[in-house]
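Survey of secondary and tertiary structure
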Amino acid sequence: MELKLVYIALPILFAFACYGEIRARRIPNWLTVAGMALGLGSAFIEEWLPGLWNSFLGLLIAGGVFLPFCLMGVVGGGDMKLMAATGAIVGYPLVLRVLTDTCMAGGLLAVAIMAWNGILFTTLANAFRILFGMPRANRGLKRPPMVPYGIAIAVGTLYSVFF
């Protein structure tokens, strides 16, 4: 796999995104829009129209995969836009591996957060109850803990690109 110069921007982009995600539970629009512009612009400069097409395709695939989850409230709009910006930077076909690794990182992060909050086994039991059509056990959990998915996007992308 060929490393592109624009990949240097990924750790910087993710540092700002993770800081905003942890501190305020928000990923700023200026960051995601700048990431999209950087990805599309650098692809055009490096490879002209074929590069621009691959970058745009990466943006559409990454954003398109996260869009239904954003509409269902599973991930936030900032997470969806960060994933789209990441897709624009890495382009097609690397975006497919990035999506896979990001989903795995998100799953591991969710399990870690459930274990940290002491609700891992209750959540697993509820998942099996839903799977088999039985009513869920309510243990007084008013609102489940949220997973800062920007961190999962950062970990999955950096693993895909640099390892």
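So, here's what we can say about the structure.

The rules behind each value
In this numbering scheme, every chain counts its residues from 1 along its sequence in written order. In keeping with the model being predicted, local features are shown solely for residues with a pLDDT of at least 70 and side-chain atom pairs are shown and tallied solely at 80 or more, while totals for entire chains, interfaces and linings include all residues. Heavy atoms from the whole structure form the basis of all side-chain values; hydrogens and water molecules are not counted. Here a helix means four or more residues in a row that DSSP labels H or I, a strand means two or more in a row labelled E, and each is numbered from the N terminus. The buried label applies to any residue whose accessible area, calculated with a 1.4 Å probe on protein chains only, is under 20% of its type's maximum; exposed applies above 50%, and partly exposed to all values in between. We get accessible surface area from the Shrake-Rupley algorithm with a probe of 1.4 Å; when it comes to residues, only the shown protein chains can shield them. Each patch is built from salt-bridge-free residues with over 30% relative accessible area, joining like charges within 9 Å and nonpolar side chains (Val, Leu, Ile, Met, Phe, Trp, Tyr) within 5 Å. The term salt bridge refers to a side-chain nitrogen of Lys or Arg lying within 4 Å of a carboxyl oxygen of Asp or Glu. Side-chain atoms within 4.5 Å link the members of a nonpolar core, which is a set of buried Ala, Val, Leu, Ile, Met, Phe, Trp, Tyr and Cys residues. Contacts: residue pairs with any heavy atoms within 4.5 Å of one another. To pair, rings of Phe, Tyr and Trp, with the six-membered ring standing in for Trp, must have centres within 6.5 Å; the planes then decide the type, stacked if under 30 degrees apart, edge-to-face if over 60, and tilted in the middle.

Topic: the overall build of the protein
When helices and strands are tallied, the protein shows six helices and zero strands. Counted from the first residue to the last, the protein has its helices and strands arranged as α-α-α-α-α-α. Dimensions of the protein along its principal axes, counting C-alpha atoms only, are 55 × 35 × 30 Å. Here the protein, with 163 residues, has 39% of them falling under the buried criterion. A total of about 9700 Å² of accessible surface is found on the protein, and carbon and sulfur atoms cover 73% of it.

Re a nonpolar patch on the surface
A cluster of nonpolar residues, Phe121, Leu124, Phe128, Leu131, Phe132 and Met134, forms a patch on the protein surface that exposes about 740 Å² of accessible area. Here Leu124 shows up in helix α5 (residues 120–131).

Let's talk about the nonpolar core
Proteins that are soluble and globular tend to have nonpolar side chains buried together. Tyr7, Phe66 and Val90 are the most contacted members of the largest nonpolar core, which has 28 residues in total. Where this core is concerned, the elements lending two or more residues are α1 (9–24), α2 (29–71), α3 (77–90), α4 (94–116) and α6 (149–162). In contact with Val90, not counting residues within four places along its chain, are Tyr7, Leu10, Val95, Val98, Thr157 and Val161. In terms of nonpolar packing, the next biggest core, distinct from the first, is built from five residues, Met36, Ala84, Ala85 and Ala88 among them.

Structural notes on the packing of aromatic side chains
For the structure on display, the rule yields four aromatic pairs. A ring pair is formed by Phe16 and Trp30, whose centres lie 6.0 Å apart and whose planes are at 70°; its orientation type is edge-to-face. With Phe16 in helix α1 and Trp30 in helix α2, the pair connects residues that are 14 residues apart, well separated along the chain. The partly exposed category is assigned to Phe16, whose relative accessible area is 46%. On the accessibility criterion, Trp30 (56% relative accessible area) is exposed.

Quick notes on the pattern of salt bridges
Under the defined criterion, the tally for this structure stands at three salt bridges. A salt bridge links Lys4 to Glu47; its shortest N-O distance comes to 3.4 Å. In this pair, Lys4 is assigned in the segment before α1 and Glu47 in helix α2, connecting sequence segments 43 residues apart. In this structure Glu47 comes out as partly exposed when scored by relative accessible area, which is 31%. The salt bridge partner of Arg25 is Glu21, with a shortest N-O separation of 3.8 Å. For Glu21, a relative accessible area of 4% gives the class buried.

Function cannot be read off these values alone, since they describe shape.
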